[in-house]
Amino acid sequence: METAAEENAEQSQEKKGCFECCIKCLGGVPYASLVATILCFSGVALFCGCGHVALTGTVSILEQHFSTTASDHALLSEVIQLMQYVIYGIASFFFLYGIILLAEGFYTTSAVKELHGEFKTTACGRCISGMFVFLTYVLGVAWLGVFGFSAVPVFMFYNIWSTCEVIKSLQTNVTVPGDQICVDIRQYGIIPWNAVPGKACGPILENICNTNEFYMSYHLFIVACAGAGATVIALLIYMMATTYNYAVLKFKSREDCCTKF
């Protein structure tokens with residue numbers, strides 16, 4: 001009887017020890033950094049993927065309807081091609097940076113909660129954490145600019161779409177001909193003023209709005225803008241997480257009781 005009781009006690013202790021170990025491991029998960037990483041990957045993927053396809057569709061629309069001479073939009077085509085290469089670089093950089101920040105979150109969270117025994121923090125560890133805080137703040141400010149820039153094509157396509165809706169609503173009103181309603185792309189500065197035709201009016205503009213290139217580009221730019229906004233939110237979460245971890249590490253280093261990073 002005593003042997004059976006001892007075995008049951010040992011089993012219960014083992015189960016309790018396994019449960020405590022699981023709770024301890026879960027306590028070391030940087031949930032804020034994990035959520036920010038998922039949101040960052042999703043936002044960057046939407047921005048880069050949708051933005052790349054939308055830029056290609058925009059060039060096709062300009063070449064077919066607003067600038068039939070290749071020399072008029074040659075500079076714009078080069079800029080868009082350069083932007084597409086930049087998109088490749090942004091996607092690669094943020095994939096690596098998100099993984100690094102997530103790993104840094106695991107290490108600093110374990111150090112802050114002292115999950116692996118008592119070790120003293122090092123100046124190098126605090127310096128690396130401070131570097132990530134500074135770099136994340138810089139990237140956050142930069143992505144605010146990217147978010148604002150990604151809203152510009154959405155605004156342009158929305159103006160064209162709303163003009164087409166006006167033309168459709170005026171088809172039943174014979175006193176106001178739709179041919180007088182036009183959209184001049186040259187006023188946005190993306191093609192020169194000598195580009196031919198440069199603008200579209202009435203039924204021609206309505207046909208442009210009914211094309212697949214316009215429909216896809218318009219909605220892809222909206223999704224790309226939303227992806228940029230999601231990336232900004234992810235970087236804000238990164239800022240809060242990295243700043244908190246750095247502050248706690250620096251505070252505990254003064255007490256000479258912090259774990260090693």
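Residues numbered from 1 in each chain as written. Predicted model: local features only at pLDDT ≥ 70, side-chain atom pairs only at ≥ 80, totals over all residues. Heavy atoms only, no water.

As a reminder, the rule being used: UniProt positions are given in the numbering used here, feature names are shortened, and annotations may be inferred rather than shown by experiment.
Under the annotation held in an unreviewed UniProt entry, the protein carries the name Neuronal membrane glycoprotein M6-b isoform C and is attributed to Patagioenas fasciata monilis. Turning to the protein, the UniProt record has this under Sequence similarities (unreviewed entry): "Belongs to the myelin proteolipid protein family." UniProt, in the comment section headed Subcellular location (unreviewed entry), describes the protein in these words: "Membrane".

### Some words on the overall build of the protein
Here is the rule we go by: Where helices and strands are cited, they refer to DSSP runs of H or I of at least four residues and of E of at least two residues respectively, numbered from the N terminus. Note on classification: 1.4 Å probe, protein chains only; a residue is buried when its accessible area is under 20% of the maximum for its type, exposed when over 50%, partly exposed between these limits. Only heavy atoms enter the contact rule, under which two residues are in contact if any of them lie within 4.5 Å. For every accessible area listed, the method is Shrake-Rupley and the probe measures 1.4 Å; residues are considered covered only by the protein chains on display.
On a plain count of helices and strands, the protein comes out with six helices and two strands. Along its sequence from the N terminus, the protein presents helices and strands in the succession α-α-α-α-β-β-α-α. Here the protein holds 261 residues, and the buried ones make up 39% of them. In the protein, the proportion of contacts linking residues at least 24 apart, taken out of those at least 6 apart, comes to 84%. If you sum the accessible surface of the protein, you get close to 14900 Å²; carbon and sulfur atoms cover 68% of it.

### What about the packing of aromatic side chains?
Put simply, the rule reads: When two rings of Phe, Tyr or Trp (its six-membered ring) have centres within 6.5 Å they constitute a pair, described as stacked for plane angles under 30 degrees, edge-to-face for angles over 60, and tilted for the intermediate range.
Per the counting criterion, the structure on display carries twelve aromatic pairs. Ring plane angle 75 degrees and centroid distance 6.1 Å describe the contact between Tyr85 and Tyr88, whose orientation is recorded as edge-to-face. Here Tyr85 pairs with Tyr88, and both are found in helix 3 (residues 74-113), just three residues apart, close to one helical turn. When its relative accessible area of 52% is taken as the criterion, Tyr85 is described as exposed. Using a relative accessible area of 44% as the deciding quantity, one classes Tyr88 as partly exposed. On the basis of an interplanar angle of 10 degrees and a centroid distance of 6.3 Å, the ring pair of Phe157 and Tyr218 is categorised as stacked. Here Phe157 is found in helix 4 (residues 123-169), whereas its partner Tyr218 is found in helix 6 (residues 212-255), with 61 residues between them in sequence. Of the aromatic side chains, those joined through ring pairs into one cluster are Phe47, Phe93, Phe94, Tyr97, Phe132 and Trp143.

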